[in-house]
Amino acid sequence: DPKPQPHVALLPSSGMGHLTPFFRLAALLTTKYNCRVTFITTSQTVSLAESNSIASFLSAFPEIIPINFNLLPFDSTTANSTDPFFLQFEAISRSAHLIAPLLASSSLPVSALIIDVTLAASFVPATADLHLPRYILFTSSAKMLSLCAYFPAAAAVSESSEDSDIFRDGICINDSLVIPKSWLPLPLLDLTNLFTTQFIANGEKLLHSDGILISTLDDLERDTLGELNAGKIVNGLPPVIPIGPLTPCDFERGNGTQLSWLDDQAENSVVYISFGSRTSLPRNQIRELGDGLLKSGHKFLWVIKDMKVDKDDEDGVEEIVGYEFIEKAKDYGLVVKTWVDQFGILSHPAVGGFVTHCGWNSVTEAALCGVPMLAWPQGGDQRVNAKVIESGGMGLWVESWGWGGELVKGNEIGMKIKELMEDEGLRVRAAHVKKEARKVGKHVGGGAHKLGFLEIIEGWK
Ligand code: BUP
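Quick caveat, the model's predicted, so the values are computed rather than measured.

Asker: Can you walk me through helix α2 (residues 48-60) in this structure?
Answerer: Note that an α-helix has 3.6 residues per turn; residues three or four places apart therefore point the same way. Between its terminal C-alpha atoms α2 stretches 18 Å, which fits the 18 Å expected from 13 residues at 1.5 Å a residue. For α2, the full list of buried residues reads A49, E50, S53, I54 and F57. Down the axis of α2, the smallest arc covering the buried residues is 125°, so these residues share one side. As for α2, its buried residues are in contact with α1 (16-31), β2 (36-42) and α3 (84-94).

Asker: How should I be thinking about the packing of aromatic side chains in this particular structure?
Answerer: Where two aromatic rings form a pair, the distance of their centres and the angle of their planes describe that pair. Following the criterion strictly, the structure yields 21 aromatic pairs and no others. Between F151 and F199, the aromatic rings sit 5.5 Å apart at their centres with planes inclined by 70°, giving edge-to-face as the arrangement. With a gap of 48 residues between them, F151 in helix α6 (residues 142-160) and F199 in helix α7 (residues 194-205) connect regions that are remote in the sequence. Looking at F151, the relative accessible area reads 0%, which means it is buried. Over the aromatic face of F85 sits the side chain of R278, whose NZ or CZ is 5.0 Å from the ring centroid. One cation-aromatic arrangement involves R383 over W403; the distance from NZ or CZ to the ring centre is 4.1 Å.

Asker: Would you mind going over the sheet that holds strand β9 (residues 240-242) with me for this structure?
Answerer: Backbone-to-backbone hydrogen bonds pair the strands of a sheet. The strands run either parallel or antiparallel. Read from one edge of the open sheet, seven strands run β3-β2-β1-β4-β5-β8-β9, paired in parallel fashion. On the outer flanks of this sheet lie β3 (65-69) and β9, each paired with one strand and no other. Direction aside, neighbouring strands of the sheet carry axes that sit 25° apart on average.

Asker: Even after reading the chapter, I still don't get the site of the ligand, so can you show me in this structure?
Answerer: Surveying the vicinity of the ligand reveals 16 residues, the closest of which are S277, V340, H357, S362 and E365. In this structure, V340 approaches the ligand through a main-chain N or O atom, which is 2.7 Å from a nitrogen atom. Between E365 and the ligand, the recorded distance is 2.5 Å, taken from a side-chain N or O atom to an oxygen atom. Contributions of two or more residues to the shell around the ligand are made by α1 and α14 (360-369).

Asker: Can you walk me through the pattern of salt bridges in this structure?
Answerer: Where charged atoms from two side chains of opposite charge come close, those side chains can pair. Overall, the coordinates contain 21 salt bridges when judged by the stated rule. Here D218 makes a salt bridge to R222, at a shortest N to O gap of 3.9 Å. Here D218 pairs with R222, and both are found in helix α8 (residues 218-229), just four residues apart, close to one helical turn. Residue D218 is classed as partly exposed on the basis of its relative accessible area of 26%. Its salt-bridge partner being E327, residue K330 comes within 2.8 Å of it at the nearest N-O pair. When salt bridges with common partners are traced through the structure, they connect D163, D165, R168 and K181 into a single cluster.

Asker: Teacher, can you tell me more about the pairing of strand β13 (residues 351-356) here?
Answerer: Residues in a regular strand point their side chains to alternate faces of the sheet. When you tally the buried positions in β13, you get six out of six residues, the bulk of the element. Sheet topology note: the strand β10 (residues 270-274)/β13 ladder contains five bridges and is parallel. When the sheet's bridge partners are listed, Y272 is paired in β13 with F354. Examined bridge by bridge, β13 and strand β14 (residues 373-375) share three bridges and lie parallel to one another.

Asker: I'm lost on unusual backbone geometry in this one. Help?
Answerer: As a rule of thumb, non-glycine residues mostly have phi less than zero, and peptide bonds are mostly trans rather than cis. With an omega of -5°, the peptide bond between G244 and P245 qualifies as cis. By secondary structure assignment, the location of P245 is in the loop between β9 and α9 (257-263). A positive phi angle, close to 55°, is found at N34, a residue other than glycine. Structurally, N34 is set in the loop between α1 and β2. Positive phi outside glycine occurs at H131, with the angle close to 50°. Relative to the helices and strands, H131 is located in the loop between α5 (120-126) and β5 (134-138).

Asker: Explain the nonpolar core here, please?
Answerer: Nonpolar side chains tend to gather and get buried jointly when the protein is soluble and globular. Residues F123, F151, I171, I179, L206, L262 and Y272 are the most contacted members of the largest nonpolar core, which totals 95 residues. In terms of residue count, α6 provides more of this core than any other element does, ten residues in total. Aside from chain neighbours lying at most four places away, what touches F123 is L11, F69, I92, S93, A96, I99 and I115. Residues L10, A26, I54 and F61 belong to the second largest nonpolar core, which totals 34 residues.

Analysis parameters
Residues numbered from 1 in each chain as written. Predicted model: local features only at pLDDT ≥ 70, side-chain atom pairs only at ≥ 80, totals over all residues. Heavy atoms only, no water. Helix = DSSP H or I, 4+ residues; strand = E, 2+ residues; numbered from the N terminus. Expected span 1.5 Å × (residues − 1). Buried < 20%, exposed > 50% of the residue type's maximum accessible area, 1.4 Å probe, protein only. Arc of directions from axis to C-beta. Contact = heavy atoms within 4.5 Å. Phe/Tyr/Trp six-rings, centres within 6.5 Å; stacked < 30°, edge-to-face > 60°. Lys NZ or Arg CZ within 6 Å of the ring centre and 35° of its normal. Pairing = 2+ DSSP bridges. Axes fitted to C-alpha atoms, helices over the stretch in contact; angles between N-to-C directions. Near = heavy atom within 4 Å. Polar contact = N/O pair within 3.5 Å; in protein donor to acceptor, adjacent residues only side chain to side chain. Salt bridge = Lys/Arg side-chain N within 4 Å of Asp/Glu carboxyl O. Core = buried A, V, L, I, M, F, W, Y, C linked by side-chain atoms within 4.5 Å.

Listed below in C-alpha cells is the structure:
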C-alpha cells in the first residue's frame, strides 16, 4: 500500500521577513516532498505587502489549504511596546488556545505542525494535547538561534545581579561565542519590554518542540550548527535541521520594471540598495546615502522606504531623497519606492553588490545569487547576521555604522561602496558560496540535510 500523504499545518507570524520563508517552505513541502499543506493566516495583517503576497501565494498554489485564524480583540495599549509587528505577535499569541479546536476540525487529519519562532511560547503549549510533532521554523541565522536559545539563562543572571548596566560585557555563550552588548537587539536591554518577554519565553519553549528547522547555509554556519547540535549552546535543545537556503518561488516575482533598466547595464556594474520591508532610515541618513551613491562612481538601484509600515508611506521619492538628487542621479541610477522583485534583481548579471540591512532572507538570497554585501544593520538580529556575512567572507561590515552610532557621512559611504564593488576577493568567495548554496537548493535541503529532513517527513506519515 502507498503510504498516506503527510498533512502539514504551517503557522507563520507577522512581517514579510517571517511570512516569506513560510511561503517557500510550503512550496517545498507541496512540490518536492509530496505533502498536503494547510497554511494558517490571520484575518488581519500589519502591512499591505503581507496581504498582497498571501493572496498571490494562495492563487499560485490552489492545492494548499488556507485556514483563516480569527484573532480575539487585543488591547495593545496595555503592552510595553509600540512596534506594530511585535504587537501583532502578541495578538496572535493571545488567541493560541483557539488553534487546537481549529486544527482538530480539519477534514483531513493534521500530521505535523510547523510554528514560527515568534509564536513558540504560546503555540507549543497550546497544541500539546493534539499529540502531533511540532517543529519550529527559525527565520534567522544559526548564530541568532544560539542567542535566542541562550538568552533566557543570561536574562535570569542579569535580573538577579545588582549591576544596572545589564549585559555590559556582552553575553558569553561559550568559549568561542560572545555576543557583544552592541550587537543585541535594542529592546533586549530592557527586560520588561514586550519584545524581550516574548524573546525569553520563545527561547525557553524551543526546548519543548520536536525540532528546529532553519534556512541557513552550511558553508556559512557549519561551526555554529555543529555547536547547537552538540549541546554546546544549551543543553536539551531538540535537533536543529538546516533546510536552506529556502529558494524563492515564481509567484514572488511580480512586476519586473527595474529589471529592464538592468538589462541595459554592464555586468557587475550596479549596486543594489535595500533595507528590507520594515526599516526606514531617518531622512538625513537617506540624504547622506544618496550623496555616497553619487560619490561611489557606480551605478545603483535603490529601494527606499520612508515609514515602518507601508500603509503609512505617503511621500513621493522626490520629497524623500530631494529633487536635486533626482536631477544629479538621472544618468547613474534608479530610485524606487515600490515593492520590487528582489530575487530577480539579485540574480541579474548587472548587479555586482548589495547594500543590505542584513535581514536573514535578504542575506540568503544574496548568497544564492553570489552577490557580495556591504552589511549595514539597522536593528533586531541584523548585527548578529552581519557578523555571519563578514566572517563568511561574503561581505564588508563597518561595525560602527547603524544603531547607537552617529550619522554616517556620504564620503565614507561612497568609499565603502567603491570598495565593495571593486574587491575581487569578495566576488570570488561569493561565487563559491553561491555554488554550494545552489547545490543544496537543487536537492532541497540537500546533501546530508536532505536525508535529515526526509526522515523527519517520513515520520509524519
Ligand atoms: Br522591501 C522588499 N521586495 O521591495 P528580510 C523586500 N522583498 O522582494 P525584513 C522584496 O522581502 P525581518 C521588496 O527579498 C526578502 O525576501 C526580500 O525579508 C523581500 O528583511 C523579504 O530580508 C524581506 O528578512 O524582515 O523585511 O526587514 O526584519 O523580519 O528580517
